[in-house]
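Commentary on secondary and tertiary structure
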Amino acid sequence: MKKLIAGIAVLVLIGYGVFEYQQRPAAVEDKWADVHHDPRHEQDSRNDGQEGQDQQGQQDQPEEQAKLTISSDEVRKGSLLLINRQYPVSEDGVLPEIVSLFQRKDLVKGFGILDNSVQLPLDLVQKFSVIVESAKNDGVTHFLITSGYRDNEQQRELYEKMGADYANPAGHSEHNLGLSLDIGSTVGMMKDAPEGKWLEQNAWKYGFVLRYPEDKTDITGVLYEPWHFRYVGLPHSVIMQEHSFVLEQYLDYLKEQRQITGAIDGQTYSVSFYPVIEGQDIQVPLPDQYELSGNNIDGVILTSWDAKVRR
Ligand SMILES: [Zn+2]
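Residues numbered from 1 in each chain as written. Predicted model: local features only at pLDDT ≥ 70, side-chain atom pairs only at ≥ 80, totals over all residues.

As recorded in an unreviewed UniProt entry, the protein chain goes by M15 family metallopeptidase and comes from Paenibacillus roseus.

Take the sheet that holds strand β7 (residues 180-185) next. Sheets are built from strands that pair by backbone hydrogen bonding, the pairs being arranged parallel or antiparallel. Strand order in this open sheet of 5 strands is β4-β6-β7-β9-β8, and the pairing throughout is mixed. Only two strands of the sheet have a single neighbouring strand rather than two, namely β4 (111-113) and β8 (208-210). Looking at each pair of strands side by side, their axes are set apart by 35° on average, direction ignored. By the bridge criterion, 4 bridges tie strand β6 (residues 143-147) to β7 in an arrangement that is antiparallel. Across the sheet, residue phenylalanine 143 finds its bridge partner in β7, namely serine 185. Strands in contact with helix α6 (residues 194-202) are β6, β7, β8 and β9 (228-231); relative to β7, the strand with the most contacts, it is inclined by about 140°. (Pairing = 2+ DSSP bridges. Helix = DSSP H or I, 4+ residues; strand = E, 2+ residues; numbered from the N terminus. Axes fitted to C-alpha atoms, helices over the stretch in contact; angles between N-to-C directions. Contact = placed C-beta atoms within 7 Å.)

Attention now moves to the nonpolar core. Within the largest apolar cluster, 60 residues are counted, with the highest numbers of intra-cluster contacts made by Ala203, Val209 and Phe229. When residues of this core are assigned to their parent elements, the largest contribution, 5 residues, is made by helix α4 (residues 122-137). Residues lining this core come from more than one domain, with at least three contributed by each of domain 1 (21-80 + 235-311) and domain 2 (93-231). Contacts of valine 209, omitting those with residues within four sequence positions, involve Ala203, Trp204, Phe229, Arg230, Val232, Ser237 and Met240. (Core = buried A, V, L, I, M, F, W, Y, C linked by C-beta atoms within 7 Å. Buried ≥ 20, exposed ≤ 12 C-beta atoms within 10 Å, placed from the backbone. Domains from an automatic or database assignment.)

Two faces, one strand: in a regular strand the side chains alternate between the faces of the sheet. Burial runs high along strand β11 (residues 267-275): 7 of the 9 residues are buried. Sheet topology places strand β10 (residues 259-264) next to β11; 6 bridges connect them, and they run antiparallel. The residue of β11 that forms the bridge with isoleucine 260 is valine 271. In this structure, the hairpin formed by β10 and β11 is closed by a connection of 2 residues, where aspartate 265 is found at a positive phi of approximately 50°. The sheet contact formed by β11 and strand β14 (residues 299-305) spans 7 bridges and is antiparallel. The partner of serine 272 across the bridge, within β14, is leucine 302.

Structurally, isoleucine 301 can be placed in strand β14. A sequence separation of 47 residues divides isoleucine 301 from leucine 254, and the C-alpha atoms of the two residues are 8.1 Å apart. Beyond its immediate sequence surroundings of up to four residues, isoleucine 301 is in contact with Leu80, Leu254, Val271, Phe273, Ser293 and Asn295.

As structure tokens, this is what we get:
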């Protein structure tokens, strides 16, 4: 009987969740399942951006679809930016509301911070807290944030101290963007500690990825860092997990595919890449709910999602 009541309670909670969010959830359970999309939509998006306007006008469009205008500044903002020695962080890309966790002890719950220098964007602390809470249910409780956002001055000092093999020059580290954090464990090295293992297996469900895996050093150009996690958001972390992509590979894949559609936990997502030329605006079909991110190179990624459908 107790089990039944617990089961009902869980169902009620899940049901509540479904009604609650029109926004994307903070976490998912399922994998990505490809959805074959309506070819007409594909036509729309492929035609957009460059010279496709005329062609589109010739098609039978029952009504004029609303458009979203994207300026080329968007290439350097968002959660999918590729930051490395070649592509630096632009000032526009740095996340807002960066807080000192040493001063905001109210935000430090269920994890430790290494010292008084740890800073993170407020939004990222909240996202990390969801992870901590979830890991706690699995008995994994010894997280320690060792580094978060670093301004150019801190990055310069680190680069001088650690050298080029172990640190990036100022402006070329993901830490300068505010989307990455180094997570340690108070019970061992991350590559062996339960915290490291748990994150490696579960971070993707929360929009985070292990940015520099051991088997991708030839692609990332960075040595294995079992502590460095990067926020890319949903559904991207799920797709990356599915294909074992690092960010470099994922961005190439999106550019090649132009549009992918899939479902996670009964919610459909569409991810489209649009090339952008510096100084030129583009116009794309306006989705109801969307998020935009540049790739920091030559285009933008538009992620849209439908309201969740109850299965
Ligand atoms: Zn790091």
